[in-house]
Amino acid sequence: MSAQTAEDALKVGLPNQWYALLPANWVKDAPVGITRLGQRLVLWRDDKDQIHVQYDRCPHRGAALSQGHVIDGMVTCPYHGIQITCEGIIDSVPAYPGCQLEGMKGVRTYPSVVKGGCVFAWFGDEDAPGEVELPEEFDDPAWSYFICTGPWVGSHLHAMDNLLDPMHGSYLHAESYTLAYGKAQDEMEIEKTDDGFIVKRKGQIGENFDWTEYSYTGADWVRLDLPYPNGAGPGGMFRIIGFVTPIDENSHQVFFWRMRQVEGWERDLWRFMYKSRLEERHWNVLEQDRVVIEQMEQPESEMLYQHDIGVTQLRRVLQKRARDHLKSTTPAAVAAE
Ligand code: FES
Ligand SMILES: [Fe+2]
């Protein structure tokens, strides 16, 4: 059933935009099956090393292509061996050569791109993908990063709200390695940008998790900086780029690029320190977020206050995009709301 309200439309992620799917190096020789936006996807790597994203269903009888293999540069169904090209065309039906299915379009294909070491895909018309501008740090050799990703229970909207709420850093993460600094009271303000807005503390910047920049550039994402203690090695602020992709209505995949602008031997040192000491600490902080988010009730009963202006602004932006989407697809349903 198609979505009737903006809230419904947002539950499993809006179509006609780009989403992060999973780190590219998780796709090796065998096809990988995942669910994103409630859709079963298969990701596979062809013989030129290019990754393809398709609906994970064989057009013959519906077996999962992700249980098959890649043979001759085509994803091959495990059930009766039908082979599908990267455009989703049935190339061969080995059990019945010359079968009328050969040459037919059989599988939805999602335009995709690998950036920042991650596969991103377009969830819309496969012949007319929209444009996307991904964070400039992904292509900037001055930045060194690690991708941290995992599935969380609950609405993807809760994870986005969390990122637009810098004030929680002083409470939820008050005992942490990076977020134990600065004042625990403040006022928040919003600054509009070309692609979204920044929510920031009025009383301090650069002491704690003090601001978040939200952008919509064909994909939703956030950027924020955290101060690093001297003991964390050379380099500037610790930057986080975050994406959240719905798996279904009740779970989502979070992606965090943890990065520093640091080059040469200092980069080597930071990367060594990250792997040997810092990564575990960062995971511990992220676990605090995950545990809170996974236990949250749906937001109907919230009593918001001044610090929630980032959350409120984000919801306004998403709801507007959801309403625009509904208007463009089901004008009658919107009129009836
Ligand atoms: S179900 Fe895939 S080949 Fe038969
Ligand atoms: Fe947090």
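In this text the structure is predicted, and so the values were computed from the model without any measurement. (Residues numbered from 1 in each chain as written. Chains lettered and ligands numbered in written order. Predicted model: local features only at pLDDT ≥ 70, side-chain atom pairs only at ≥ 80, totals over all residues. Heavy atoms only, no water.)

**Things to note about the overall build of the protein**
Inference 1: The secondary structure content of the protein amounts to five helices and 18 strands.
Inference 2: With respect to the principal axes defined by its C-alpha atoms, the protein has extents near 70 × 60 × 35 Å.
Inference 3: Taken over 337 residues, the protein has a buried fraction of 50%.
Inference 4: For the protein, the share of sequence-separated contacts (at least 6 apart) that also reach a separation of at least 24 residues comes to 56%.
Inference 5: Of the roughly 16300 Å² that the protein leaves accessible, carbon and sulfur atoms contribute 51%.
Inference 6: In the protein, which carries 32 positive and 50 negative side-chain charges, the distance between the mean positions of the two groups comes to 1 Å. (Helix = DSSP H or I, 4+ residues; strand = E, 2+ residues; numbered from the N terminus. Buried < 20%, exposed > 50% of the residue type's maximum accessible area, 1.4 Å probe, protein only. Contact = heavy atoms within 4.5 Å. Areas by Shrake-Rupley, 256 points an atom, 1.4 Å probe, with all protein chains shown as cover. Lys, Arg positive; Asp, Glu negative; His and termini not counted. Charge placed at Lys NZ, Arg CZ, Asp CG, Glu CD.)

**Regarding the side chain of His-168**
Inference 1: For His-168, the location among the structural elements is in the loop between helix H2 (156–163) and strand S13 (188–192).
Inference 2: Since its relative accessible area comes to 13%, His-168 is described here as buried.
Inference 3: If sequence neighbours within four positions are ignored, His-168 has contacts with Asn-162, His-173, Phe-209 and Asp-289.

**Some details on the pairing of strand S11 (residues 118–122)**
Inference 1: Across the five residues that make up S11, a large majority, five, are buried.
Inference 2: Residues of S11 alternate between two faces, with Cys-118, Phe-120 and Trp-122 on one and Val-119 and Ala-121 on the opposite face, all of them buried.
Inference 3: Note: strand S1 (residues 18–23) against S11, five bridges, orientation antiparallel. By the bridge assignment for S11, Trp-18 is matched with Trp-122.
Inference 4: With four bridges joining them, strand S10 (residues 112–115) and S11 adopt antiparallel strand pairing. Each bridged residue has a counterpart across the sheet, and for Ser-112 the counterpart in S11 is Ala-121. (Pairing = 2+ DSSP bridges.)

**Considerations on the sheet that holds strand S4 (residues 51–55)**
Inference 1: Pairing within the open sheet is antiparallel, and its four strands lie in the order S2-S3-S4-S9. With partners counted over all chains shown, the strands left at the sheet margins are strand S2 (32–36) and strand S9 (109–110), one partner each.
Inference 2: By the bridge criterion, five bridges tie strand S3 (residues 39–45) to S4 in an arrangement that is antiparallel. Paired with Val-42 across the strands is Gln-54, a residue of S4.

**Points about the sheet that holds strand S12 (residues 143–153)**
Remark on secondary structure: sheet strands pair via backbone hydrogen bonds, oriented parallel or antiparallel.
Inference 1: Within the open sheet, the seven strands sit side by side as S12-S18-S17-S16-S15-S14-S13. Their pairing is antiparallel. Of all strands in the sheet, those with a lone pairing partner are S12 and S13, marking the two edges. Neighbour to neighbour, the strand axes of the sheet diverge by 20 degrees on average, direction disregarded.
Inference 2: Two strands pair when backbone bridges link them, and strand S15 (residues 211–216) and strand S16 (residues 220–226) are joined in this way by four bridges, in the antiparallel orientation. Its bridge partner lying in S16, Tyr-216 is registered against Asp-220. (Axes fitted to C-alpha atoms, helices over the stretch in contact; angles between N-to-C directions.)

**As for the domain arrangement of the protein**
Inference 1: The assigned domain composition of the protein is domain 1 (18–122) and domain 2 (136–316).
Inference 2: Between domain 1 and domain 2, the C-alpha centre-to-centre distance is 33 Å.
Inference 3: In this assembly, 16 residues from domain 1 lie in contact with 16 residues from domain 2.
Inference 4: Summed over both partners, the interface of domain 1 with domain 2 comes to about 1200 Å²; 66% of that surface belongs to carbon and sulfur atoms.
Inference 5: If you look at where domain 1 meets domain 2, you find one salt bridge.
Inference 6: In this structure, the salt-bridge partner of Asp-139 is Lys-115, at a minimum N-O distance of 2.9 Å.
Inference 7: Between domain 1 and domain 2 we count seven residue pairs in polar contact (both at pLDDT 80 or more) in total.
Inference 8: Those elements giving two or more residues to the side of domain 1 that touches domain 2 turn out to be S1, S2 and S11. (Domains from an automatic or database assignment. Buried area = accessible area lost by both parts, 1.4 Å probe. Salt bridge = Lys/Arg side-chain N within 4 Å of Asp/Glu carboxyl O. Polar contact = N/O pair within 3.5 Å; in protein donor to acceptor, adjacent residues only side chain to side chain.)

**Remarks on the coordination of the iron ion (ligand 2)**
Inference 1: Around the iron ion (ligand 2), the protein supplies His-168 (NE2), His-173 (NE2), Asp-289 (OD) and Asp-289 (OD) as donor atoms, at distances of 2.1 to 2.5 Å.
Inference 2: Taken together, the four donor atoms coordinating the iron ion (ligand 2) span angles of 57 to 148 degrees at the metal, a pattern that classifies the geometry as irregular.
Inference 3: In the primary sequence, the donor residues of the iron ion (ligand 2) line up as H-x4-H-x115-D. With a gap of 121 residues between them, His-168 in the loop between H2 and S13 and Asp-289 in helix H3 (residues 264–294) connect regions that are remote in the sequence. Each member of the pair, His-168 as well as Asp-289, is classed as buried. (Donors = N, O, S within 2.8 Å, 3.2 Å for Na, K, Ca; no water. Tetrahedral: all angles 85-135°; square planar, octahedral: opposite > 155°, others 65-115°.)

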